[in-house]
Amino acid sequence: MNQLYKGKAKYISVLTLALLIASLTMYGKAIRSGDHHFHSFLTPDTVPKKPAMPLNNNPEEPLLQKNVTPKKYVPRTTGTDTSIISKNDTLDFRISKDTLDAPVYYHADDSMVLDIPGKRIILYGKETRVKYLNNELISPHIDFDQRTSLVSAHLIRDSTGEVIAFPTFTQDDFKTISDSIRFNMKNGKGITKGTYTQQGELFVYGQKIKKVDPDVFYALKGRFTTCNLDTPHFAFVSKKIKFVNKKIAYTGPVHPEVENVPIPVYLPFGIYPLRQGRHSGILAPTFTANEQLGLALEGLGYYRILSPVWDAVLRGTIYSYGGWTAAISPRYYKRYRYQGSFGLDIQHFRDVDKSGSRSFNIRWSHTSDSKARPGVSFNANVNAGSSKFNSSVPNSPQRNFQNQMNSSITYAKVWKDKPFNLSISANHNQNTESKLININLPDIAFNVNTLYPFRKKEMMGETKWYENIGIALNTNIKSLSSFYDTSGAFFKQLVDKFQWGASHSVPITLSLPQVGPIQFAPSVSYQEHWYQQKFRRSWNPTDKKVDTAINKGFFTAREMQFGLSAATRIFGMFTFGKKGRLQALRHEIRPSVSASYKPDMNKQFWYTSQVDTIGNKARFNIYEGSIFGGFSEGRFGGLNFGIDNNIQIKVRNRKDTGAAAIRKVTLLDGLSINGSYNFLADSFQLSNFTVAARTNLFDKINITASGSLDPYLTDDRGERINKLVWSKRPISLGKLTSGSISVQSQFRGGDKTEKQPVNPTQQVNPVSGMPLDEYQQEAAYMSNNPGEFANFNIPWSISFSYSLNFYRQRKADYSGFETNLSQNVNWNGSLNLTPKWQIGMNGYYNITEKQLGSLSMYITREMHCWQMAINISPVGRYRFFNISISPKSGILRDLKINRTRYFYDL
């Protein structure tokens, strides 16, 4: 690198000579006049300061200072000498008119021509560059004229006519690639021809571009597009365009072009926001059609920035039959402190028969940063409203099937260096089908971590066994109010149905050292419940029905339990021949057993009541229906036992002979069975067996199963009798009373690192920078238009899930038991017909009800910067079809051709 300076050295030399002549003249006058106080003339004068060394420490290079004003020296007067007269000299250096403000760095790959009489420098080479302040030019040919401060550059072609390199100009974050460039190094203005530049997601081309200041430039016969090809698939063309860098663009009359073919659709002007980040503006709507509500202008809205912390989104939809929706979603975000959003939706619909309904939905989400107040957190996630709101949301089948609304507001505090922690929460859940609302307000949990009262503050030597005795406290206070939203008087029902309860638990533990392969752990626990009411059933022989009575007050019940547990792990391995692919089989067994004793401290709270006209009786607890429920009946003195299994194999990869050739494959993640035996019970000593299994076969098929087995026989009504099932079926574990099975799998081709398209049915944390209602609109759009979110790098994919659940429950008339069974299956698949065409299908089927919940299919075409998708759902309660052609870029998201129709079965 070299540095180019102009017009300073000769002026510095002249000034130095003038200073020297003036000094000699003054000295001569003083000698001729006999003045003995010549020091008075020199003392207050300024001695020129020695020039500072240039940045590159080269004393031969001139200084970069522009107006050098010597520093004045003011003499310090002492005594009463009044003969010294102070005089100040000011020396102004005249700067050359063509002086630059900074050094110019240049580099030539090939050669440099210096024209001294013409004051020009010409640089040659493919990577030739010139840099001045924040301007940098790279070009195969650069011509600098010192007299005019103009820099010129143009492209160079080889002998075959191919372009060797294009001139590239960069100024801060503004970059252009042109055929030719001319700009002034002093004022930064310039003009280019055949120029490409980028503004955010927009690629701009101008036959001529004139830059008038660092932020504004004009384009003549320009086009802009989101297609990154030299010859774009589409563009918007205008004769005159003004760009304000990273802010906005204005055009005169503008029209689109497709494959360089003009489309005869003209607009008188165009305004295109280029600013990145947040800014207020109108949110464009979409046009849809609904069989019940008519034509719609959907999602018209406005986004407003209220402050650096707050903003808000206002959206609305208008239907041709007279219905409308309105939604407002303020958001707030303070870095390192908190973030959240509110939401209020109102729906007012009028069908084709002019019948109408109104519903609402309220949301609030809040998350506090853990670093804002260490040890304190406050989080909220509220979703509540009318029971018919979800089922009424237009054009959103997924939300129409949601029948649950849940809310939670939680404040938690952990005291530093203290064993205490507190949690206060309010919870809400709502079933929109049954219209049942449950509100827990408040729900208080206070816990004291395990304390070791016998330990010394400063431990010395070995720990005694009794020093490992620990005690803790867990307290939970809850309230509950349950009611239906169909009867009105919300707050009156909240108060009338209000009930509360409390639970206190004091666990006492002892940590003992391991004895060989067995770990022993004794324990003592005390538990106490507080109740608000007693609930009692009694048979009414007159009316021949069961009557109920509630007695309110303050009641308590308590329970204690003593136990000693032992656990160990057993490993076994069987090895095979080294030549085969299967190398070894490893089996891990984790048995556990515990002896426990629980006295019967709650016998007085259990009673027997007749339940039908035949005379059948059942046992009930007087605290039935309370928040914490009653304790179990009778003493327990027996064993709790359990066993868990894990099976793995080692497999050799035939194509690999290195250290990583052998890998572990899990055949069975877990297979467990648990139960207990009560030696003190007079009947039904053996408890139900709980069986659970889980595995992920070949890392492809995930299977989870669980069940509860009753080891006792039952009579004709399904009631248990005190006779074990092995008396009739020796190899049976009992009767299956409840269970569940879940199977999930996914297969796909191509690169396994490619991401699958977003699953629109998945729930997403609402605190994501997007209001909840806006997210739900996004989720509904993705669900209804999966073709627009296809990944063509995955040639094929298929996924499915199956779930089965069943349980036995007593019939409402106490005549016996019935089994409730539910089964459903989900599937999703895609297939690339060609590298540019893809089809897909997803659906849900309820096997129990023999009802097809939803089925949608799509076909999509990848068109580089555009995409086309056809989505259709031909069957089910909610049917629709959609045809969409749109650019991929988010900045032109609303510029699309869209046709959507929805149909409903009421």
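Residues numbered from 1 in each chain as written. Predicted model: local features only at pLDDT ≥ 70, side-chain atom pairs only at ≥ 80, totals over all residues. Heavy atoms only, no water.

**Comments concerning the overall build of the protein**
So, step 1. The number of helices and strands found in the protein is six helices and 52 strands.
So, step 2. Every one of the 906 residues in the protein was classed for burial, and the buried ones make up 35%.
So, step 3. Sequence separation of at least 24 residues holds for 50% of the intrachain contacts in the protein that already meet a minimum separation of 6.
So, step 4. Surface summary for the protein: the accessible area is close to 53400 Å², and the carbon and sulfur share equals 58%. (Helix = DSSP H or I, 4+ residues; strand = E, 2+ residues; numbered from the N terminus. Buried < 20%, exposed > 50% of the residue type's maximum accessible area, 1.4 Å probe, protein only. Contact = heavy atoms within 4.5 Å. Areas by Shrake-Rupley, 256 points an atom, 1.4 Å probe, with all protein chains shown as cover.)

**Details of the pattern of salt bridges**
So, step 1. Applying the stated criterion across every chain yields a total of 20 salt bridges.
So, step 2. Between R147 and D145 there is a salt bridge, and its shortest N-O distance comes to 3.6 Å.
So, step 3. Here D145 falls in the buried class, since its relative accessible area comes to 15%.
So, step 4. Across the pair D311 and R331 runs a salt bridge whose closest N-O atoms are separated by 2.8 Å. Within this pair, whereas D311 is found in strand β23 (residues 310-319), its partner R331 is found in strand β24 (residues 324-334), the two being separated by 20 residues in sequence. (Salt bridge = Lys/Arg side-chain N within 4 Å of Asp/Glu carboxyl O.)

**With respect to unusual backbone geometry**
So, step 1. In this chain, L441 is followed by P442 through a cis amide linkage whose omega measures 0°.
So, step 2. Backbone geometry places K544, a non-glycine residue, at a positive phi of 55°.
So, step 3. A relative accessible area of 58% means that K544 is categorised as exposed.
So, step 4. Located in the positive-phi region is F684, a residue other than glycine, with phi close to 50°.
So, step 5. As for its position among the elements, F684 is in the loop between β40 (662-678) and β41 (689-697).

**Some details on a positive patch on the surface**
So, step 1. On the surface, K193, K208, K221, K239 and K240 cluster together to form a positively charged patch.
So, step 2. Structurally, K221 can be placed in strand β14 (residues 216-225).
So, step 3. Classification of K221 by relative accessible area gives partly exposed; the value is 46%. (Patch = residues over 30% accessible without salt bridge, like charges linked within 9 Å, V, L, I, M, F, W, Y side chains within 5 Å. Lys, Arg positive; Asp, Glu negative; His and termini not counted. Charge placed at Lys NZ, Arg CZ, Asp CG, Glu CD.)

**A look at the nonpolar core**
So, step 1. Among the nonpolar cores identified, the biggest contains 18 residues, and F224, F234, F236 and F243 are the most heavily contacted of them.
So, step 2. In contact with F224, other than residues within four places in its own chain, are L202, F203, V204, A235, F236, I241, T251 and Y272.
So, step 3. In this structure, A102, Y106, I121 and V130 belong to the second largest nonpolar core, which totals 16 residues. (Core = buried A, V, L, I, M, F, W, Y, C linked by side-chain atoms within 4.5 Å.)

**Notes on the packing of aromatic side chains**
So, step 1. In this structure the tally under the stated criterion is 25 aromatic pairs.
So, step 2. Centre to centre, the rings of Y196 and Y205 are 4.8 Å apart; their planes meet at 50°, and the pair counts as tilted.
So, step 3. The partly exposed category is assigned to Y196, whose relative accessible area is 34%.
So, step 4. Ring geometry for W310 against F342: centres 6.4 Å apart, planes inclined by 0°, an arrangement best described as stacked. One end of the pair, W310, is in strand β23; the other, F342, is in strand β25 (residues 338-350), with 32 residues separating them in the sequence.
So, step 5. Of the residues examined, W310 reaches a relative accessible area of 33% and is grouped as partly exposed.
So, step 6. Every member of this aromatic cluster is reached through a ring pair, and the members are W310, Y332, Y338, F342, W364 and F378.
So, step 7. Against the face of W415 rests K413, its NZ or CZ located 5.5 Å from the ring centre.
So, step 8. Note that R455 overlies the ring of Y452, its terminal NZ or CZ placed 3.9 Å from the centroid. (Phe/Tyr/Trp six-rings, centres within 6.5 Å; stacked < 30°, edge-to-face > 60°. Lys NZ or Arg CZ within 6 Å of the ring centre and 35° of its normal.)

**What about the confidence of the model for the protein?**
So, step 1. Of all residues in the protein, 82% attain a pLDDT of 70 or more, and the chain-wide mean is 79.
So, step 2. For residues 1-79, every residue scores under 50 in pLDDT, and the model assigns this stretch 80 contacts once sequence neighbours within four places are set aside.
So, step 3. This stretch, residues 758-776, has a pLDDT under 50; its non-local contacts, to residues over four places away or in other chains, come to 33 contacts. (pLDDT = per-residue confidence, 0-100.)

**Remarks on the pairing of strand β5 (residues 135-145)**
For a regular strand, side-chain orientation follows a simple rule: the groups alternate between the two sheet faces.
So, step 1. Summarising burial for β5: nine of the eleven residues are buried, a large majority.
So, step 2. With ten bridges connecting them, strand β4 (residues 120-132) and β5 associate as antiparallel partners. The residue bridging R120 from the neighbouring strand is D145, located in β5.
So, step 3. Pairing of β5 with strand β9 (residues 168-171), which is carried by four bridges, proceeds in the antiparallel orientation. (Pairing = 2+ DSSP bridges.)

**Side note on the environment of M601**
So, step 1. Along the polypeptide, M601 turns up in the loop between β36 (582-598) and β37 (606-610).
So, step 2. Each C-alpha atom, one on M601 and one on R558, is 6.9 Å from the other, the two residues being 43 residues apart in sequence.
So, step 3. Apart from residues no more than four positions distant in its own chain, M601 is found in contact with R558, E559 and M560.

**Some points on the environment of H154**
So, step 1. Its location among the elements puts H154 in strand β6 (residues 150-154).
So, step 2. When the C-alpha atoms of H154 and S139 are compared, they prove to be 6.9 Å apart, with 15 residues separating the residues in sequence.
So, step 3. The contact partners of H154, leaving out residues within four places of it in the chain, are S139, P140, H141, P167, D179 and S180.
So, step 4. A distance of 3.2 Å separates the side chain of H154 from the side chain of H141, its partner in a polar contact. (Polar contact = N/O pair within 3.5 Å; in protein donor to acceptor, adjacent residues only side chain to side chain.)

**Some words on the environment of S377**
So, step 1. As for its placement among the helices and strands, S377 is situated in strand β27 (residues 376-385).
So, step 2. S377 sits in the partly exposed class, given a relative accessible area of 26%.
So, step 3. Along the chain, S377 and V414 lie 37 residues apart, while their C-alpha atoms are 9.1 Å from each other.
So, step 4. With residues up to four places along the chain from it excluded, the contact list for S377 reads S368, T410, Y411 and A412.

**Observations concerning a nonpolar patch on the surface**
So, step 1. Among the surface-exposed residues, F562, V593, Y597, L639, F641, Y677, F679 and L680 lie close enough to one another that they form a single nonpolar patch of about 650 Å² accessible area.
So, step 2. Secondary-structure elements contributing two or more residues to the nonpolar patch are β36 and β39 (636-652).
So, step 3. Residue position: Y597 is located in strand β36.
So, step 4. For Y597, a relative accessible area of 33% translates into the label partly exposed.

**Describing the side chain of R537**
So, step 1. By the secondary structure assignment, R537 is in strand β33 (residues 519-540).
So, step 2. A polar side-chain atom of R537 sits 2.5 Å from a polar atom in the side chain of E624.
So, step 3. Discounting chain neighbours no more than four positions away, the residues touching R537 are V546, D547, T548, Y607, S609, F620, E624 and Y814.

**Side note on the pairing of β37**
So, step 1. The two faces of β37 differ: Y607 and S609 on one face are buried, but W606, T608 and Q610 on the other face are not.
So, step 2. Of the strand pairs in this sheet, β37 and strand β38 (residues 617-621) are connected by five bridges, and their pairing is antiparallel. Within β38, the residue paired with T608 across the bridge is R619.
So, step 3. Once β37 ends, the chain turns through six residues before running back antiparallel as β38, passing G615 with a positive phi of about 110°.

**Notes on the side chain of T168**
So, step 1. Within the secondary structure, T168 is located in strand β9.
So, step 2. Aside from chain neighbours lying at most four places away, what touches T168 is E136, L137, I138, K175, T176 and I177.

**Overview of the state of the cysteines**
So, step 1. In total, this model carries zero disulfides according to the counting rule given.
So, step 2. Summary of cysteine pairing: C865 is not part of a disulfide, and the nearest cysteine sulfur, belonging to C227, is at 3.6 Å.
So, step 3. In this structure C865 comes out as buried when scored by relative accessible area, which is 6%. (Disulfide = S-S within 2.5 Å.)

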